[in-house]
Each structure stands twice: as C-alpha cells, then as structure tokens.
Amino acid sequence: LLLAMALVACGEKDESESTDEMGDPMGEQVDISDEEKVDADEVVAIVNDTEIIGSAYNTIYANLKVQSTQMGDEFDTEEVKEATLESLIDQELVRQEAESEGIKVSDEELDEEISMIKEQNEEGYETLLEQFQMTEDAFKDQLRIDLIRMEYADKKLDVDISDDDVKKKYDELKGEVEEEEELPE
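Overview of the structure. Keep in mind that this is a model prediction, so the values were computed, not measured.

**Section: the overall build of the protein chain**
Counting its secondary structure elements, the protein chain contains 6 helices and 2 strands. When the helices and strands of the protein chain are placed in sequence order, the string is α-β-β-α-α-α-α-α. Out of the 185 residues belonging to the protein chain, those deemed buried represent 30%. When contacts within the protein chain are restricted to residue pairs at least 6 apart in sequence, long-range pairs at least 24 apart make up 64% of them. As presented, the protein chain carries roughly 12500 Å² of accessible surface, and 47% of it is formed by carbon and sulfur atoms.

**As for the packing of aromatic side chains**
Scanning all chains against the criterion turns up 2 aromatic pairs. With a centroid separation of 5.9 Å and 20 degrees between ring planes, the pair formed by Tyr57 and Tyr61 is classed as stacked. Here the residue Tyr57 and the residue Tyr61 both occupy positions in helix H2 (residues 54-70), the gap between them amounting to 4 residues, near one helical turn. Assessed through its relative accessible area of 5%, Tyr57 is described here as buried. Centroid distance Tyr125 to Phe139: 5.2 Å. Interplanar angle 85 degrees. Geometry classified as edge-to-face. Of this pair, Tyr125 sits in helix H4 (residues 107-131) while Phe139 sits in helix H5 (residues 136-156), placing them 14 residues apart in sequence. Accessibility classification places Tyr125 together with Phe139 in one group, the buried group.

**Details of a nonpolar patch on the surface**
Taken together, the side chains of Leu157, Val159, Ile161 and Val166 present a nonpolar region at the surface, about 390 Å² in accessible area. For Val159, the location among the structural elements is in the loop between H5 and helix H6 (163-173). Under the relative-accessibility criterion, Val159 is labelled exposed at 60%.

**Notes on H5**
Between its first and last C-alpha, H5 extends 30 Å over 21 residues, near the 30 Å set by a 1.5 Å rise per residue. When we look at burial in H5, the residues that qualify are Ala138, Phe139, Gln142, Leu143, Asp146, Leu147, Ile148 and Tyr152.

**Regarding the nonpolar core**
One finds Leu110, Ile114, Tyr125, Met134, Phe139 and Leu143 to be the most contacted residues of the largest nonpolar core, which totals 18 residues. For this core, the elements supplying multiple residues, two or more each, are H4 and H5. Sequence-distant contacts of Ile114, defined by excluding residues within four places in its chain, comprise Tyr125, Phe139, Lys140 and Leu143. Grouped together as the second largest cluster of nonpolar side chains are 11 residues, Ile32, Val38, Ala45 and Ile60 included.

**Examining the pattern of salt bridges**
For the structure on display, the rule yields 11 salt bridges. The partner of Glu78 in a salt bridge is Lys81, with the nearest N and O atoms 3.7 Å apart. Pair noted here: Glu78 and Lys81 are both in helix H3 (residues 77-100), with a separation of 3 residues, about one helical turn. On the accessibility criterion, Glu78 (52% relative accessible area) is exposed. For Glu172, the salt bridge identified is with Lys169, shortest N-O distance 3.7 Å. Of this pair, Glu172 and Lys169 both sit in helix H6, 3 residues apart, which is roughly one turn of that helix. Via salt bridges that share partners, Glu92, Arg95 and Glu99 belong to a single interconnected network.

Here is what the cut-offs are and how they apply
Residues numbered from 1 in each chain as written. Predicted model: local features only at pLDDT ≥ 70, side-chain atom pairs only at ≥ 80, totals over all residues. Heavy atoms only, no water. Helix = DSSP H or I, 4+ residues; strand = E, 2+ residues; numbered from the N terminus. Buried < 20%, exposed > 50% of the residue type's maximum accessible area, 1.4 Å probe, protein only. Contact = heavy atoms within 4.5 Å. Areas by Shrake-Rupley, 256 points an atom, 1.4 Å probe, with all protein chains shown as cover. Phe/Tyr/Trp six-rings, centres within 6.5 Å; stacked < 30°, edge-to-face > 60°. Patch = residues over 30% accessible without salt bridge, like charges linked within 9 Å, V, L, I, M, F, W, Y side chains within 5 Å. Salt bridge = Lys/Arg side-chain N within 4 Å of Asp/Glu carboxyl O. Expected span 1.5 Å × (residues − 1). Core = buried A, V, L, I, M, F, W, Y, C linked by side-chain atoms within 4.5 Å.

Printed below as a string of structure tokens:
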C-alpha cells in the first residue's frame, strides 16, 4: 500500500513538476544497474520451504532504493540489499501466517483495488510503475501482499487509540520540534 499511497501522492502533476511537501522534486527515475539486479528466476531466500525469487527481490530493491534516494539518505548498496532480503522474508512469513489463518485476497478483489487506483489517477499509476521499474504483474503481486498483511493485522491487532492519547503524545513530542503547530481538531 506504500506504493498505492505514493501513487496518490503523485497527483495529476507532470513528473517534472511534482514536488514533495518541502518543495523538493519527486518522481525522479532511479537507475538500477545490472550489477544490482538479481536474475528473475534465481532463488534469493527460502522461507519454510517457499522459494523467494529474484523478480520479487528486484521489485523490493528498486522500491527501497527510490525511497532512500527521495529521502536524501546516502545510498549504501549493501544496506539496501540486506533490507531487501529482510523485507522479503518478513513479507513471506506474514503471508504464510495469514494463509494459515485462512486470509487470502482473491483475484477479483485485487483487480477491483487496481481498478480503483487507476480510476483515481491513471497517470500517477503509470508514473509509479516507471519510477519503481515495476511491471503491472509485479505491482499486483506487491499489492496482494500488502492487502493480505492489512487484513491479517486487522484480524490480529486490536489497537484502540483515543483522541486524548493522541493529544497527550503530541504534547510530549511538541517540545522536540523547532516549529510547533497546533494539533488540528
């Protein structure tokens, strides 16, 4: 869903015109060299007898590299490779646990979600695929994983945060920020 949120953030602006909330350019293509990519069919990890292949690795790697670059972080290839593997393993463990709980996302649900994303911002969707160097199938796979994770979290986590809890935490943290803004009502 991070990808879907990025899609909505792209808005209707041209890629060269898009800026983040700080006025910095967004949506720039980040090059992924052949040395950084893994062969699409290569097994990069095995999680409880399930093989994770290079095509999934390349998608997550590109995503993390783009995020790192957009945040202005100094890019460390080895750190991103490690984070990519950790992310893939975490995703697979959650997917397996969700599956054991009977949680699945049907092709129809997935198609409906993608149609909704495209209806909201077709141009942003295409920009997102290009920016993260993803095929539609890779996006679909990632979206399926995200939807399963959300449904699993909704089923397993019971989080109840009151407005008072938010205000209390806000008051604790506002002294750490240079410019304080009032908490919106």
